[in-house]
Amino acid sequence: MITGYGHFVQLAASLQWDEKAIDFSADRAAWPLLEDAESARLHGLIAGFVVAETSVAGSLNSYRAAATDPSMKETFRAQSRDEARHARFFDRVASEVVGVAGETPTERRDALRTCAGPELVDLFEVRLPATARRLAEDPAGLTAAVGLYHMVIEGVVLVAGQHAMLDALEAVSVPLPGVRRGMELVLRDERWHIGFGSRIVQTAAIGPDQTEAMLELGRTAARVWGDLITPEALETAMRQHRRRLTTAGIKFW
Ligand SMILES: [Fe+2]
Ligand SMILES: [Fe+2]
């Protein structure tokens, strides 16, 4: 039996933050002053995060249900709480900084979906929920499902997007301090989520087919951002992915 995920729960508790406490007043004033190319890039990335975080927040229930170890279950619960907070944070950015129209988070997400790109929408709103549904029917598929969610989606796709966002925020002509602060906090949470997933994968027997599948998925999944992230950023994300798989004790054949 896999045991000993309690330190992730403690870590999560020590890293809690409140998205409502972030002050966006400077960001709101800065947004209309951005160059068109700057706001277009940020808008595309924010649209992707709104779609992605809402979807991951909704998919974790089946992961928690499939876990047999109580401390692993508790860790999935802590992760769910983080993902829901991330979804609320990006919705606040969309609504209060970007000025996306819509009365509710769902209306705003619907408005942003077309900017997010069909491949990103497909990965988060079709493929990930399908994996979560399969997991609900067959809890034995937990390791493979963690391979998709924690290693590929979080470890490659979201991390690549988050670094692209931080680079974009670094380069803008007028600073957006609230968005930047929130992004740093999101990235801090994502680090332990990926560490948690790596730990689950590490303790499981992974065969060569699954290893190759995780690498290949990483390669294709990271392209969902299109031009919003640079080929170099993609390459870095893939290098980290491969290193993480190696650290998790996975051999490459
Ligand atoms: Fe997240
Ligand atoms: Fe996460």
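You'll find the structure just up there.
Residues numbered from 1 in each chain as written. Chains lettered and ligands numbered in written order. Predicted model: local features only at pLDDT ≥ 70, side-chain atom pairs only at ≥ 80, totals over all residues. Heavy atoms only, no water.

Within the chain one finds 10 helices and 0 strands. What you see in the chain, going N to C, is helices and strands ordered as α-α-α-α-α-α-α-α-α-α. Here the C-alpha radius of gyration of the chain, 18 Å, is about what a compact globule of 253 residues would show, namely 18 Å. Projected onto its principal axes, the C-alpha positions of the chain cover 55 × 35 × 30 Å. Once local pairs closer than 6 in sequence are excluded, the contacts in the chain between residues at least 24 apart make up 82%. Working note: accessible area of the chain is about 11200 Å², and carbon and sulfur atoms make up 54% of it. (Helix = DSSP H or I, 4+ residues; strand = E, 2+ residues; numbered from the N terminus. Rg over C-alpha atoms; globule rule 2.2 N^0.38 Å. Contact = heavy atoms within 4.5 Å. Areas by Shrake-Rupley, 256 points an atom, 1.4 Å probe, with all protein chains shown as cover.)

The subject of this paragraph is the nonpolar core. Counting 82 residues, the largest nonpolar core has Leu42, Tyr63, Phe76 and Phe124 as the members making the most contacts within it. Broken down by element, this core gets its largest block of residues, 17 residues, from helix α7 (residues 142-171). The residues touching Phe124, leaving out its near neighbours within four places in the chain, are Val51, Ala52, Ser55, Val56, Pro129, Ile153, Val157 and Leu158. (Core = buried A, V, L, I, M, F, W, Y, C linked by side-chain atoms within 4.5 Å. Buried < 20%, exposed > 50% of the residue type's maximum accessible area, 1.4 Å probe, protein only.)

Around the iron ion (ligand 1), the protein contributes the donor atoms Glu53 (OE), Glu53 (OE), Glu83 (OE), His86 (ND1) and Glu190 (OE), which lie 2.0 to 2.6 Å from the metal centre. In primary-sequence terms, the residues that donate to the iron ion (ligand 1) follow E-x29-E-x2-H-x103-E. If you look at the iron ion (ligand 1) and the iron ion (ligand 2), they sit 3.4 Å from each other and are both ligated by Glu83. On the criterion of sequence distance, the pair formed by Glu53 in helix α3 (residues 36-66) and Glu190 in helix α8 (residues 177-202) is long-range, its members being 137 residues apart. Like Glu190, Glu53 is buried. (Donors = N, O, S within 2.8 Å, 3.2 Å for Na, K, Ca; no water.)

Next up on the list: the pattern of salt bridges. For the structure shown, the criterion picks out 14 salt bridges. Between Asp82 and Arg85 there is a salt bridge whose closest N-O contact spans 3.3 Å. Residue Asp82 and its partner Arg85 are both found in helix α4 (residues 70-98); the two are separated by 3 residues, about one turn of the helix. What makes Arg85 buried here is its relative accessible area of 2%. Residue Arg181 is joined to Glu184 by a salt bridge in which the shortest nitrogen-to-oxygen separation is 3.8 Å. Of this pair, Arg181 and Glu184 both sit in helix α8, 3 residues apart, which is roughly one turn of the helix. Exposure remark for Glu184: the relative accessible area of 31% places this residue in the partly exposed category. (Salt bridge = Lys/Arg side-chain N within 4 Å of Asp/Glu carboxyl O.)

Coordination of the iron ion (ligand 2) by the protein involves Glu83 (OE), Glu154 (OE), Glu190 (OE) and His193 (ND1), with metal-donor separations of 1.8 to 2.2 Å. Around the iron ion (ligand 2), the 4 donor atoms are arranged such that angles at the metal cover 93 to 161°; this shape is classified as irregular. Mapped onto the sequence, the donors of the iron ion (ligand 2) take the spacing E-x70-E-x35-E-x2-H. (Tetrahedral: all angles 85-135°; square planar, octahedral: opposite > 155°, others 65-115°.)

Turning our attention to the environment of Ile194. Mapped onto the secondary structure, Ile194 falls in helix α8. Look at Ile194 and you get buried, because its relative accessible area is 5%. With 184 residues separating them in the primary sequence, Ile194 and Gln10 have C-alpha atoms 16 Å apart. Apart from the residues within four sequence positions on either side, Ile194 is in contact with His150, Glu154, Gly155, Val159 and Arg244.

Another point: the side chain of Glu19. Following the sequence through the fold, Glu19 ends up in the loop between α1 (6-14) and α2 (25-30). The exposure class of Glu19 is buried, given its relative accessible area of 4%. Only 2.8 Å separates the side chain of Glu19 from the side chain of Arg88, close enough to count as a polar contact. Excluding residues that lie within four positions of it along the chain, Glu19 makes contacts with Arg85, Arg88, Phe89 and Arg92. (Polar contact = N/O pair within 3.5 Å; in protein donor to acceptor, adjacent residues only side chain to side chain.)

Relative orientation and spacing of two packed helices are given, respectively, by the angle between their axes and the distance between those axes. Here α1 crosses α8 at 175°, and the two axes come no closer than 11 Å. Between α1 and α8, the angle falls in the class roughly antiparallel. Listed contacts from α8 to His7, Phe8, Leu11 and Ala12 of α1 are Trp192, Gly195, Phe196 and Arg199. Class assignment for the residues of the contact of α1 with α8 results in 5 nonpolar, 2 polar and 1 charged. (Axes fitted to C-alpha atoms, helices over the stretch in contact; angles between N-to-C directions. Parallel < 35°, antiparallel > 145°, perpendicular 65-115°, else oblique. Nonpolar A, V, L, I, M, F, W, Y, C, P; charged D, E, K, R; others polar.)

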